[in-house]
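Here is how the chains run, residue by residue.
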Amino acid sequence: MRRLPPLTAIEAFVQVARLGSIKAAAEELALSSPALSRRVQALERFIGKPLFERRHQALRLNDDGERLLGLIAPALDAMTDAVETMTSGTELLRLRLGVLPLFATQRLMRHLPDLKRRHPELHLDVDTGGHGVARLGDGLDAAIVLARDIDPSLYAKRLDRNRVHVIGARSLVDGPNPITRPEQIAQLTALVHRDMAETFTTWRAAAGLPDLEPLAIDHFDSGTLMLEAAAQGLGVAFMLESHFEEARDERLVQLFDLTVESNYSYWFVCRPRALTQRPVRLFHDWLIGALGALD
């Protein structure tokens, strides 16, 4: 057998290549930055050529590095899968997934039979407890979250782009004093999701009413309850277009013909190293195929 470089050096190279940072890769592998740098340098010495362009604190693959990554990363993933298979003692694969209840109800659950047909060995432990990003690696393997943006040290794939809708009870437009103008929000309670705290201020700025204040702002951590509160006439919900369309609730209407781009999107998020785990990668690839993704 031909002599190979240490596997730890290859692993270090792949992590730095994927993350673009010695510091981030060191944290992912639970190493010090100097120790990780030594492993990368050992691989470069073994190959006999540099693999990165070094720019201050950031590293960027050069042409040789890009070629090497393309050749060895799939092999490293295959090795990881092989070890997982041999050590698991079972053919079942399990993914601990964090997901917001409204996304799960409206968009995820109806697609899961397809996932089951394609990967019957994959089982999901679904957690709707919130704070998905903070719990990655500590109770969760991956999460689907609602956010403006994601920490660049994490792997993230945007699942949609959306617009802000003002959603209210049908009685607000069918009653004797219909709500037809954005200024009339001053007569109503605004319902705002805690994960989209800036939605109302973004909407009123786009409406040309930066000083508009509702009677009150009530905060929710459940989109499902927000829609029900709006349907019951407890206030008007500032939510996403997809939330309104997927609700298919005859009690609800969109107020105002006003297009406001949302700063918030749904994202698939995990730690970069988690993508080397077969359950995460299977679910990730299926999810992108089923729901699509945006850069």
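Given the structure is predicted, the values throughout are model-derived calculations rather than measurements.

This part takes up the layout of surface pockets. Quantified by volume, the largest pocket comes out at close to 460 Å³. Leu100, Gly130, His131, Gly132 and Asp195 are the residues nearest the centre of the largest pocket, which is lined by 23 residues in total. Secondary structure elements with two or more residues in the lining of the largest pocket: β3 (93-99) and β5 (142-147). For the lining of the largest pocket, the element with the highest residue contribution is β5, accounting for four residues. Residues that form the lining of the largest pocket fall into these classes: ten nonpolar, seven polar and six charged.

Another point: the pattern of salt bridges. This structure, assessed with the given rule, holds 17 salt bridges. The residue Arg148 makes a salt bridge to Glu198 at a minimum N-O spacing of 2.8 Å. Placement of Arg148 in the loop between β5 and β6 (155-158) and of Glu198 in the loop between β8 (189-193) and α8 (199-206) is noted, with a sequence separation of 50 residues between them. Look at Glu198 and you get partly exposed, because its relative accessible area is 38%. Connected via shared salt-bridge partners are Arg110, Glu246 and Arg248.

Quick look at the packing of helix α2 (residues 22-29) against helix α3 (residues 33-47) now. Following both chains from N to C, one finds α2 and α3 inclined at 100°, their axes separated by 9 Å at the closest point. Considering the angle they form, α2 stands roughly perpendicular to α3. Residues Ile22, Lys23, Ala25, Ala26 and Leu29 of α2 form the contact with α3, whose own contacting residues are Ser33, Leu36 and Ser37. Split by residue class, the contact of α2 with α3 holds five nonpolar, two polar and one charged.

Turning our eyes to something else, we now look at the sheet that holds strand β4 (residues 122-127). If you walk across this open sheet you meet the five strands as β4-β3-β5-β12-β6, and the pairing is mixed. Each of the sheet's edge strands pairs with one partner strand only, and the pair in question is β4 and β6. If you compare each strand with its neighbour and ignore which way they point, the axes differ by 25° on average. In terms of strand pairing, β5 meets strand β12 (residues 265-270) through five bridges, oriented antiparallel.

Applying the stated criterion to the full structure yields one cavity of 30 Å³ or more. Approximately 60 Å³ is the volume found for the largest cavity. Taken together, Leu100, Pro101, Leu102, Leu146, His193, Asp221, Ser222, Gly223, His243 and Tyr266 make up the full set of residues lining the largest cavity. Its residues assigned to classes, the lining of the largest cavity comprises five nonpolar, four polar and one charged.

All right, on to the nonpolar core then. In this structure, Phe103, Leu108, Ile144, Tyr266, Phe268, Phe283 and Leu287 are the most contacted members of the largest nonpolar core, which totals 29 residues. When residues of this core are traced back to their parent elements, those giving at least two are β3, α5 (101-108), α6 (112-118), β5, β12 and α11 (278-291). With six residues, the single largest contributor to this core is α11. For Leu108, the contacting residues outside a window of four places in its chain are Leu97, Val99, Phe103, Phe283, Trp286 and Leu287. One finds Ala24, Ala25, Val40 and Leu68 within the second-largest nonpolar core, a separate group that totals 25 residues.

In this section: α8. Those residues of α8 lying buried are Thr199, Phe200, Trp203 and Arg204. One face of α8 carries all of its buried residues, which in axial projection span an arc of 125°. Along its buried surface, α8 packs onto β7 (163-169), β8, β9 (216-220), β10 (236-240) and β11 (252-261). Looking one or two residues past α8, Gly208 carries a phi angle of roughly 75°, positive in sign.

Turning our eyes to something else, we now look at the packing of aromatic side chains. A complete count under the given rule lists nine aromatic pairs for this structure. Summarising the aromatic geometry, the rings of Trp203 and Phe238 are spaced 5.2 Å apart at their centres and angled 70° between planes, so their arrangement reads as edge-to-face. You can see Trp203 sitting in helix α8 and its partner Phe238 sitting in strand β10, a full 35 residues away along the chain. Given a relative accessible area of 0%, Phe238 falls into the buried group. A connected cluster of aromatic rings, assembled from ring pairs, spans Tyr155, Phe268, Phe283 and Trp286.

Before going further, it helps to examine the sheet that holds β11. The five strands lie next to each other as β9-β8-β10-β7-β11, forming an open sheet whose pairing is mixed. The sheet is open, and its two borders are formed by β9 and β11, each paired with just one other strand. Recorded for the sheet is a direction-independent mean angle of 30° between the axes of neighbouring strands.

About the thresholds
- Residues numbered from 1 in each chain as written.
- Predicted model: local features only at pLDDT ≥ 70, side-chain atom pairs only at ≥ 80, totals over all residues.
- Heavy atoms only, no water.
- 1 Å grid on protein atoms, 1.4 Å probe; cavity = no way out; pocket = protein on both sides within 12 Å on 5 of 7 lines; lining within 4 Å.
- Points joined across faces, edges and corners; volume = space filled by probe spheres on them.
- Helix = DSSP H or I, 4+ residues; strand = E, 2+ residues; numbered from the N terminus.
- Nonpolar A, V, L, I, M, F, W, Y, C, P; charged D, E, K, R; others polar.
- Salt bridge = Lys/Arg side-chain N within 4 Å of Asp/Glu carboxyl O.
- Buried < 20%, exposed > 50% of the residue type's maximum accessible area, 1.4 Å probe, protein only.
- Axes fitted to C-alpha atoms, helices over the stretch in contact; angles between N-to-C directions.
- Parallel < 35°, antiparallel > 145°, perpendicular 65-115°, else oblique.
- Contact = heavy atoms within 4.5 Å.
- Pairing = 2+ DSSP bridges.
- Core = buried A, V, L, I, M, F, W, Y, C linked by side-chain atoms within 4.5 Å.
- Arc of directions from axis to C-beta.
- Phe/Tyr/Trp six-rings, centres within 6.5 Å; stacked < 30°, edge-to-face > 60°.

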